[in-house]
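Listed here are the chains, written in short residue letters.
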Amino acid sequence: MPLWKIYHPAGTYNAEDKKLLAERITGLYASIPLPKFYVVVIFEEISPDSCFVGGEPNNNFIRFKVDHIARTLPGAAIREWWVRTIDEIIAPHVKDRGYDWEVSIDETPFDLWSLQGEIPPP
């Protein structure tokens, strides 16, 4: 149900880096608990000079777009905790490597989701 798309400069992450980051993200959701097979992480390489921030090229920027499908974060305190927890989990992969980054989370209603053609039970 969570879908993470990570837009990053080409060459930022090797296969081991991607696996480790995907495992960290999956572990966060598994701790809720949410089944691991619901968590999808997609890495999208951005070629040089294809990312612009404020109209200027930025080859040092990583964007995390997170879709929470069928589940929402109830209340301001939980939302703030979740965003701070995400920042902690990704820090070794962005902050500690000197990248600029941004995270956004969208919440898709439960009734607009299916899994392999089936409408999941509540």
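Scroll up for the structure.
Scope of this entry: the structure provided in the associated data block. (Residues numbered from 1 in each chain as written. Predicted model: local features only at pLDDT ≥ 70, side-chain atom pairs only at ≥ 80, totals over all residues. Heavy atoms only, no water.)

**Observations regarding the pairing of strand β1 (residues 2-9)**
Applicable threshold: Here a strand pair is declared whenever DSSP counts at least two bridges between the two strands. Every helix listed is a DSSP run of H or I at least four residues long, and every strand listed is a run of E at least two residues long, numbered separately from the N terminus. For crossovers, right-handed means that the path from the first strand over the helix to the second runs clockwise, given strands pointing away from the viewer.
Bridge count between β1 and strand β5 (residues 61-69): six bridges; the pairing is antiparallel. Counted as the bridge partner of Y7 is R63 from β5. Relative to strand β2 (residues 40-46), β1 runs parallel, the two sharing seven bridges. The partner of H8 across the bridge, within β2, is E45. With helix α1 (residues 15-30) bridging β1 and its parallel neighbour β2, the resulting β-α-β unit is right-handed.

**Description of the nonpolar core**
Formally: Side-chain atoms within 4.5 Å link the members of a nonpolar core, which is a set of buried Ala, Val, Leu, Ile, Met, Phe, Trp, Tyr and Cys residues. Partly exposed residues are those whose accessible area sits between 20% and 50% of the maximum for their type, while under 20% is buried and over 50% is exposed, using a 1.4 Å probe and protein chains only. Note on contacts: a residue pair qualifies if any of its non-hydrogen atoms lie within 4.5 Å across the two residues.
Formed by 27 residues in total, the largest nonpolar core has its most connected members in W4, I6, I25, Y29, V41, F64 and I90. Of all the elements in the fold, those that place two or more residues in this core are β1, α1, β2, β5 and α2 (76-90). A total of five residues in this core trace back to one element, the largest contributor, which is α1. When residues no more than four places from it in sequence are discounted, the contact partners of Y29 are P2, W4, L34, V39, V66, H68 and W82.

**Considerations on the layout of surface pockets**
What counts here: A 1.4 Å probe that fits but cannot get out identifies a cavity on a 1 Å grid over protein atoms alone, an open set with protein on both sides within 12 Å along at least five of seven lines counts as a pocket, and a residue lines either if it has an atom within 4 Å of a point. Grid points are joined across faces, edges and corners, and a volume is the space filled by probe spheres set on the points. Residues are grouped as follows: Ala, Val, Leu, Ile, Met, Phe, Trp, Tyr, Cys and Pro are nonpolar; Asp, Glu, Lys and Arg are charged; all remaining types, including Gly, are polar.
When its volume is computed, the largest pocket comes out at roughly 220 Å³. Looking at the largest pocket, it is lined by 15 residues, and the ones nearest its centre are Y29, I32, R71, T72 and L73. The set of elements that each furnish at least two residues to the lining of the largest pocket consists of β5 and α2. Among the elements that make up the lining of the largest pocket, the one with the highest residue count is α2 (three residues). For the lining of the largest pocket, a count of residues per class yields twelve nonpolar, two polar and one charged.

**As for the packing of aromatic side chains**
Note the threshold: Classification of ring pairs uses Phe, Tyr and Trp, with its six-membered ring standing for Trp, and accepts pairs whose centres are within 6.5 Å; under 30 degrees between planes counts as stacked, over 60 as edge-to-face, and the remaining range as tilted.
Under the defined criterion, the tally for this structure stands at seven aromatic pairs. The rings of F37, Y38, F110 and W113 are connected pair by pair, giving a single aromatic cluster.

**Here we look at the pattern of salt bridges**
Oppositely charged side chains can form a pair if their charged atoms are brought close together. Filter applied, for reference: Counted as salt bridges are all cases of a side-chain nitrogen of Lys or Arg within 4 Å of a carboxyl oxygen of Asp or Glu.
Enumeration over the complete set of coordinates arrives at seven salt bridges. The partner of D106 in a salt bridge is K65, with the nearest N and O atoms 2.7 Å apart. Of the two residues, D106 is situated in strand β6 (residues 100-108) and K65 in strand β5; the sequence distance between them amounts to 41 residues. According to the relative accessible area criterion, K65 is partly exposed, its value standing at 24%. Of the charged contacts, one joins E80 and R84 as a salt bridge, the two residues approaching to 2.9 Å between their closest N and O atoms. Of this pair, E80 and R84 both sit in helix α2, four residues apart, roughly one helical turn. Connected through shared salt-bridge partners, K65, D67 and D106 make up one network.

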